[in-house]
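Read off the chains here:
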Amino acid sequence: QVQLVESGGGLVQAGGSLRLSCAASGRRFSNYAMGWFRQAPGKEREFVAASSGSGMITYYADSVKDRFTISRDNAKNTVYLQMNSLKPEDTAVYYCAISRAPLKMSRERYEYDYWGQGTLVTVSS
């Protein structure tokens, strides 16, 4: 049984930083891409960032490029999202997800089959 558990959300002022963590179990972590998505109130869940199994290849949404960094520690089965220069429009519930197929990276939600419970990030102006 695959489980993903996020942590690290909270309230931060605009311009501040947060680091989200997602601990995974139940699958050979290093074989699978990991993604971060977010969902703001009244909006669709959107792609934020993805990392290949090794961590050597990363994708970012244009809206977070140069501000957010995805990384992973395969020895700890954990993926991180470092968020800097946060803006009020970054306010959302953030979800981590694991890819459906080994070695496949994607920006598409349907390519991920297990999701965490979500962690709320609130950025005040």
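Described below are features of the structure shown in this document. The residue numbering used here restarts from 1 in each chain and proceeds along that chain's sequence as written. Totals for whole chains, interfaces and linings use all residues, but because this is a predicted model, local features are given only for residues with pLDDT of at least 70 and pairs of side-chain atoms are given and counted only at 80 or more. Excluded from the side-chain calculation are hydrogens and water; included are all heavy atoms of the structure.

Here's the deal with the side chain of R38
In step 1: We count a stretch as a helix when DSSP gives it H or I for four or more residues in a row; a strand needs E for two or more, and each element gets its number in order from the N terminus. Here R38 is to be found in strand β4 (residues 34–39).
In step 2: Throughout this description, a polar contact denotes any pair of N or O atoms lying within 3.5 Å of each other; where both atoms belong to protein, one of them has to be capable of donating a hydrogen while the other can accept it, and for residues adjacent in sequence the pair is counted only when both atoms sit in side chains. For R38, the side chain forms a polar contact with the side chain of S63, separated by 3.5 Å.

Some words on the environment of S125
In step 1: Along the chain, S125 falls in the segment after β11 (119–124).
In step 2: As for S125 and V12, which are separated by 113 residues in sequence, their C-alpha atoms are 9.1 Å apart.
In step 3: Two residues form a contact once any of their heavy atoms are found within 4.5 Å. If near-sequence neighbours (up to four positions away) are discounted, S125 is found in contact with A14 and P88.

Some points on the pattern of salt bridges
In step 1: Every case where a carboxyl oxygen of Asp or Glu lies within 4 Å of a side-chain nitrogen of Lys or Arg is listed as a salt bridge. Scanning all chains against the criterion turns up seven salt bridges.
In step 2: Among the ionic pairs, D90 bridges to R38, the shortest N-O distance being 2.9 Å. Placement of D90 in the loop between β8 (78–83) and β9 (92–99) and of R38 in strand β4 is noted, with a sequence separation of 52 residues between them. Each member of the pair, D90 as well as R38, carries the same accessibility label: buried.
In step 3: The closest approach of N and O atoms between E111 and K104, which form a salt bridge, is 4.0 Å.
In step 4: Residue exposure (1.4 Å probe, protein chains only): buried if accessible area is under 20% of the type maximum, exposed if over 50%, otherwise partly exposed. Classification of E111 by relative accessible area gives buried; the value is 16%.

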